[in-house]
Amino acid sequence: MHWSCDESTISTRLTREFGLRHPFVGAGMGFVAHPPLVAAVSNAGGLGIIGASPDPPPSLPVMAAELRELTDGPWGVDLICAETGMGPASTDGHVDACVELAVPLVVFHHDLPPAHWVRRLTDAGARVWMQVSSVELAAGAVGLGVVGLVAQGVEAGGHARGVVPLHDLLAEIRGRFPEQLLLAAGGIADGVAAAAALRAGADGVWVGTRLVASAESPAHPEYKRRLVDAAGPPVVTTAFGPEWPAHRYRLLPTRAVAEWAGRESEIPDPPPAGVIGHTTLFPHSARIPYDMPTFSAIPPTVDTTGEWEEMVFPAGAGVGLVRDVQPVEQIVTGMMSEAHRLLSTS
């Protein structure tokens, strides 16, 4: 057993190592996991993670300073390791900034990071985790010195590589690496799913979609409304770029998604020219006005206007459990109270 319950909280390796009230981690979602949302997770007794890339490195000191004004709780930084249509999502500059800012936790996502990044961060006193979608990727991460693994199941939303059901992946990774800190990601949007993940061997849960539909999220109100009103499951497609082309993307079924999912090979190359909306990229540093092209992969934030049915709304398989927009504190305490009740009676 990797968890225990007292009268009011669930204790796991994660909560003990980070001094948390709850084994709850906010996903480091690019464009969405900004300081007010991250701080709210930490202030609620969880662990907030900044979505630091594909923002350029100068955004990170600004976000870290704002976050430190908003919370005294523990937090971390998420870095995407991938080549995108906008260049490398993370660079030496991001790692330099993490070291200079004494970031306590860095979580890598997608490809394995360079070994010297992990060494540099570890030497600076940071814990290093990685989100992994297979046992093979987990093995590569552990070989680099990563101390925590976030198992990403097929249920995860957004740019997700997961193809194995979450509980199967948890069992495989826990069996291969029994001493590793292990979190569960994908489809966790209520206390039932959180309790099931902890029973399956996770030390904590990594929550994304549910937090997009929170009061503190910078997602556009239309994005939040669509999550609450989602009538069907998300759809996986590779149709959307050009900011990060040809990658699996789990999205709500808008008109554009319904038209092109499964017909990606029929999309003209280059795709038809056009602008579907306008937004501001990297509001903490560069503040770039951006005309969103047809098939844009950028999710709508409060700065976005345009044709909603042509845009992307990333969502995980648990979106059907998102029934309202709440403050983060209510989301965290509600999920964890329900999980505690279920685990205490099992």
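Residues numbered from 1 in each chain as written. Predicted model: local features only at pLDDT ≥ 70, side-chain atom pairs only at ≥ 80, totals over all residues. Heavy atoms only, no water.

The protein chain goes by Nitronate monooxygenase in an unreviewed UniProt entry, where it is assigned to Pseudonocardia xinjiangensis.

1. Quick word on the pattern of salt bridges
This model, assessed by the stated rule, comprises 13 salt bridges. Between E17 and R13 there is a salt bridge whose closest N-O contact spans 2.7 Å. With E17 and R13 both in helix α1 (residues 13-18) and four residues apart, this pair spans about one turn of that helix. With a closest N to O distance of 2.7 Å, R161 and D111 form a salt bridge. Of this pair, R161 sits in the loop between β10 (148-152) and α7 (166-176) while D111 sits in the loop between β8 (105-110) and α5 (115-123), placing them 50 residues apart in sequence. Assessed through its relative accessible area of 30%, D111 is described here as partly exposed. Linked through salt bridges whose partners overlap, the residues forming this network are E222, R225, R226, D229 and E309. (Salt bridge = Lys/Arg side-chain N within 4 Å of Asp/Glu carboxyl O. Helix = DSSP H or I, 4+ residues; strand = E, 2+ residues; numbered from the N terminus. Buried < 20%, exposed > 50% of the residue type's maximum accessible area, 1.4 Å probe, protein only.)

2. So, unusual backbone geometry
For the peptide bond that leads from S53 to P54, omega is 20 degrees, which places it in the cis range. Residue placement: P54 occurs in the loop between β4 (48-51) and α3 (59-70). Following G241, the chain continues to P242 via a peptide bond in cis, the omega torsion being -10 degrees. Residue placement: P242 occurs in the loop between β13 (235-237) and β14 (249-251). Phi at F282 takes a positive value of approximately 60 degrees, unusual for a residue other than glycine. By secondary structure assignment, the location of F282 is in the loop between β15 (275-281) and β16 (288-293).

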